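# Commentary on secondary and tertiary structure
In case you want the letters, here they are:
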Amino acid sequence: MSANIRPSGVFDTSYAQDIALNRTRFDRLLANGLFVLLLLIPLLTLEGPFGLNILPQLWIGTIMRIAIFVIAVQGLNILVGYTGQISLGHAAFMAVGAYSSAIMARHLGMSFWLALPLSALFTGAVGLIFGLPSLRVKGFYLVMATLAAQFIIPWLLRYPLEPLTNGSRPLDVPAPTLFGLSFASTGAMYYIIIPLSVFLCLAARNITRTRVGRAFVSIRDNDLAAELLGINVFAYKLQAFFLSALYAGIAGCLMAFDTNNITLDSFLLDSSITMLAMLVIGGAGYPLGPLFGVAFVNLLTQNIIPALVVPVRDFVPRVLPFINTVNLYAALSPLLFGLALMVFLIVAPRGLAHRWEIFKIAWKIRPFSH
Amino acid sequence: MRKVFLALLLLAALAVPAFAQDETLPDFIEHTACEVDLTGETVTVYHFGDISGSYAFITQPLLAGLSDAIAYYNARGGVCGATLASDNRDTGGDLAQTQAHYDYYSTLEDEPDLIVLYASGDAELLSSQMAEDEIPGLISAGSVAGLYGEDGATPGWIYASNPLYSDQIGSFCRYVGANADQFPDPVVGYISWPGAFGEAAYTDETVSYCAAQGVTVLETPEYFPPTATDITTNVQNLVDAGANILYTNSLASGPALVAATVALLGLDDDVQVAGVNWALDTSVGLLGRSSLGSDGLPAVNGLVGSLPFYWWTETDQPGIGLIREQAAANERALSMQNIAYLLGWGLVDTYVELYAVAVNEVGSLDAVDGAVMKGVIENLSYSPLGLYSFDYNGGETRALPGNRIARMLFLNADGTGPATSGEDAMTVPLADGTTAYIPILVPLTEFEPAPDLRPGGADVPAGS
Amino acid sequence: MATITRTFNNNRRSITTGLYVVAVVLALIWLLPLIGGQRPYRLVQSTITGLLVGGIYALIALGIVVINKASGVFNFAHGWMMLLGGLIFYSFFTSSAAGTVSPAAAVALSLLTMIMVITTNGWRQLMQPRSLAILVIGTAVFSGALLITGANLQFVQALLGAALGGVLTGLVVERFTIRPLIGQPLFAMVLMTLALSELLHGITQLIWGSVEIPLQVFTGVAQLGIPSPIRIDGGETLAGTIIIRTELLIAFILALLAFGGFVAFFRYTSAGLSMRATAENQKLAQSVGLRVRTILAVAWAIAALLAAVAGVLQGGATSLSLNMPLLALRAFPAVLLGGLESIGGALVGGLVIGLVQEWANLLFPGSQAGTELAPYVVLMIVLAIRPDGLFGQKRIERI
């Protein structure tokens, strides 16, 4: 792993230094600086308190959406990337988080600050239930258990729980308040979501460095060997399911309080599959994988493809006159998305984070090539 | 007997040559005169919808209609001289994408004055955000939550060109109740797709309103996925529970599958299939060709539903004539000549009128913003190409109430009226070599306001 | 406490059996009154419908199992391969009937397929005179067969076109998307099939648009004198008429035939046996001289062909629409229920899922338990009892 490679002349002199996330002063400065910069972004937009028009307003919503999905995908990373249990039900757990927090806020009158941890714990518990089959079931069969979650949970929310959830109709969620101040505006929610997202990513990073995290990795690499080493495989798998669902629950809750309105159609199987795709693109089993994956997919669907659509739409009919322009409209975004993903997988099958690690090592040991 | 509007849908489309383009609009289009010349400026039609996902079959004709209409109006002066442009973004049916595209539009340097959207789910997601950002939206869908918020009492900034889905089933029940001779002891079974759109018409208010009209709605709705291969069990469940009318809030293969299953079970004579305005569509008629009823006509023959605008066959409407000419000139296939293509034209004509009025009011295109546009929308009384009546009563409503009930039939061989059997029907070869029966829509009532059945609406029976 | 644990451990087997029995009895107590309350013809009808619908699920599951068996990849793109196959069939079916098969399309399809077939083992094959001769002859034969005009040829031509298209799809997919990823993590390969479904989505929309197309392949059935649907009067015992949809029945029979063929193929032919060997252990298979690349390519071609068949049948039973790929997702439980490696399991899994779905629809009207819930609940129960599916391979694990 790259973590052991430092600029020459830097040595650890204490245990604290050895386990520090940022080993050099520069790393620490960079990390803290980036965090502060991230927090400054809303102040530099048109709708910020100073009305500066330095950064586009669009960034706020985009960064928040990315941050929420980073939390969710980070949860998936714990389960899939570290523990090696594929899940196709992550969106359903987000739905549990979103709906349970909304119900707590609406029907029990809880504040956002109480509903967030409670709904996260509740989602974790639901995750445990669907993790139970992992006692006996492995590999793609376990996918089934999570796929079952993806169908059973929305069914429960849609029909039997309809009085609470409004079924197929949307459910309004009140904006969070703190000491009488409302977080109704997008800019305010930014300061809840971003720190939480950064905190949860760091937490995930740290969990994976502990005894628990090492147990996860050993289960991923060879569960039988792990069991022989005395690791309680089932208990750790359940922990992974719990943590994964917990993260999904937090993401779902944030999503609900951010958009102030949720519908079940946001949490369908497609969404689960997309999150899995984001993770693999970013790099499963790497702490930065979720960030890279979510950001890249977002860039692709929001910037690259819309930018390509217009020129391609104007260009293709001139070269290939037999192609129906109306069909072209519809075909472009899936076509380009599929192509980009494919090229990407062939170039970087282990994900962007893997490339990034290679790049970092190359940078640190320059000018030598190995 | 009411006059039966008929025409040869395809034959006319084939027969009308591309007509010479004179550079003025025909007389029947009466836009407000422009007081400001906008030559050199651009009015963009911002639209996002499910272009590539599972609703693509209905979005594609809409896009075709939008682009044909934009080209047509631009060739005839555009909006007071300004050019119409379009910006379409594809959500693929994914609400996260909807949110992302909306964020993009709503944070544009020059914030849109008006956005066109399509899906009920999109409207429901964005309802409160659009109100907050003060961007009005035009839609051709009508779920209560999308237009009036979750409680049905907070009107948003989205305006629908058709009656609410719940009001549509209400006007159907009213029609059934008033025609007890045709529909003795009516019991409606609700069978539809799951989801925001499919389930939108089944509400407590519609059930109690229908009961007040003497129409029972079964309390066990059945929902089947659009992928379903066979829905015999669902249909039999409802029929066993006493249903003699099956109402569906779905489109394309949905109503076609319900009607086909009814025919398969040999229940054509006992069970009436009915649906939302999207069910009375060319696509349903064309899909119907693969399963015939006992009379040899497609099983969807006789489908009853809402028809809140004029249809392709009503050629005495000059607007319909114009759209038919243009569809032929642009070589739009029969499958494109549907409800969404009409709405695309209506939408562009509405844009021209809205901007003309708004610019007259505030003096320049730059001064038009969402709030101005909202005022214009709410106070305008206009009929886009004569297709429907655009009038939101000064902002009292969010959905246009005008509705009528119509029946889908198929043209007979002489082209003079509806066919009574398969031998009698006219068939036309399609581009792919198969033959199709020609669906026609016959209005059964005149336009009248649909009942107001949103929660707390004026027509909801007391005590429900 | 320790005694209790010991007693439990010693009698584990009998305790589990006892628990199963109790569970089954409870389930019966719950379900029997519901079943008893039904009219007999409804029960028979939903059983028949469930089996027929299950036939389609089974066919889809089979395609997924074949690929998984050979390469260990769970193919998410199967649904789009179905739609693509169905649409190619549709294009030849209709244009052949109208006598307007495009020569360019016919030649291109045949040529590309032949090139892909010949170069399965490497592009260098194209340089060899013998392969080139096969290429030219094959192209000529296939494009000739696609272009001949004649009465009643449309079915044959459409089948040929769909078969060529299916083989071409399978080979192209394997060559350009799966092969470059050999040796990479399984996740990457699974994701590649997801990327592939997006690409196929784009391709189908680009060529055929988004309009739903009813595929009228079963209209010929009526001319053969087979009624559609087949109606059986249940007499007094059933008190109702049973409907069997002819097109679904044909699909069901074809599915059974396909299964028979595949079971025989995997058991008795050398190609089938070498595929099983490859699935078992790729390195070992290679070391005894099996051409693993060819075998993988053949597996993908077969799966694409199966997808095309399923696409045509489903398209005939309903219509060719962009929703069809979602149907493949509904067949996932069938795959896992039967067992990922089991051909017979796919059949049983498909039928069981179809049955469960229809019965749930029948017994719990208005609850929407049928398509969304019941298959998954049943699946969870089965997996709890048999973790490798009903017929999946149970392997001894070693480090």
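Remember, predicted model here, so these are calculated numbers, not experimental data.

### Some words on the nonpolar core
Residue and element names in this part refer to chain B. With 376 residues, the main nonpolar core has Y73 and W278 as its most contacted residues. For Y73, the residues in contact, after removing those within four places along its chain, are L25, I29, H31, G78, L84, W345, V348, D349, V352 and L385. One finds L409, L411, I438 and V442 within the second-largest nonpolar core, a separate group that totals seven residues.

### A short note on the interface of chain A and chain B
Across the contact, 29 residues belong to chain A and 35 residues belong to chain B. Both faces considered, chain A and chain B share a buried interface measuring about 2700 Å² in area, 49% of it formed by carbon and sulfur atoms. Here chain A and chain B share two salt bridges between them. In this structure, the salt-bridge partner of R65(A) is D103(B), at a minimum N-O distance of 2.7 Å. Put simply, chain A and chain B have 11 residue pairs in polar contact (both at pLDDT 80 or more) between them. Sorting the residues of the side of chain A that touches chain B by element identifies α3 (58-82), β1 (171-172), α13 (289-319) and α14 (325-347) of chain A as the ones contributing at least two each. A per-element tally of the side of chain A that touches chain B places α14(A) first, with six residues. Its residues assigned to classes, the side of chain A that touches chain B shows 10 nonpolar, 13 polar and six charged.

### Quick look at the domain arrangement of chain B
Residues and elements named next belong to chain B. For chain B, the assigned domains are domain 1 (9-20 + 30-163 + 313-391) and domain 2 (171-307 + 440-449). Taken together, the 18 residues of domain 1 in the interface contact 15 residues of domain 2. A per-residue breakdown of the area domain 1 buries against domain 2 is headed by Y55, F57 and I339, which together make up 31% of the total. When residues of the side of domain 1 that touches domain 2 are assigned to their parent elements, the largest contribution, three residues, is made by helix α4 (residues 120-133). Classifying every residue of the side of domain 1 that touches domain 2 gives seven nonpolar, nine polar and two charged.

### Some remarks on the side chain of T229(B)
The topology assignment puts T229(B) in the loop between β8 (222-223) and α8 (232-240). Apart from the residues within four sequence positions on either side, T229(B) is in contact with L257(B), V53(C), I56(C), R245(C), L248(C), Q314(C), A317(C), T318(C) and L327(C).

### Some points on the packing of helix α4 (residues 78-97) of chain C against helix α15 (residues 324-338) of chain C
Residues and elements named next belong to chain C. Direction vectors running N to C along α4 and α15 enclose 140°, while the axes themselves pass 7 Å from each other. Considering their axes alone, α4 and α15 lie oblique with respect to each other. In the packing of α4 onto α15, the handedness of the crossing is right-handed. Contacts from G79, W80, M82 and L83 in α4 reach M324, P325, L327 and A328 in α15. Across the contact of α4 with α15, the residue classes break down as seven nonpolar, one polar and no charged.

Rules behind the numbers
Residues numbered from 1 in each chain as written. Chains lettered and ligands numbered in written order. Predicted model: local features only at pLDDT ≥ 70, side-chain atom pairs only at ≥ 80, totals over all residues. Heavy atoms only, no water. Core = buried A, V, L, I, M, F, W, Y, C linked by side-chain atoms within 4.5 Å. Buried < 20%, exposed > 50% of the residue type's maximum accessible area, 1.4 Å probe, protein only. Contact = heavy atoms within 4.5 Å. Buried area = accessible area lost by both parts, 1.4 Å probe. Salt bridge = Lys/Arg side-chain N within 4 Å of Asp/Glu carboxyl O. Polar contact = N/O pair within 3.5 Å; in protein donor to acceptor, adjacent residues only side chain to side chain. Helix = DSSP H or I, 4+ residues; strand = E, 2+ residues; numbered from the N terminus. Nonpolar A, V, L, I, M, F, W, Y, C, P; charged D, E, K, R; others polar. Domains from an automatic or database assignment. Axes fitted to C-alpha atoms, helices over the stretch in contact; angles between N-to-C directions. Parallel < 35°, antiparallel > 145°, perpendicular 65-115°, else oblique. Left-handed = near helix turned anticlockwise from the far one by under 90°.

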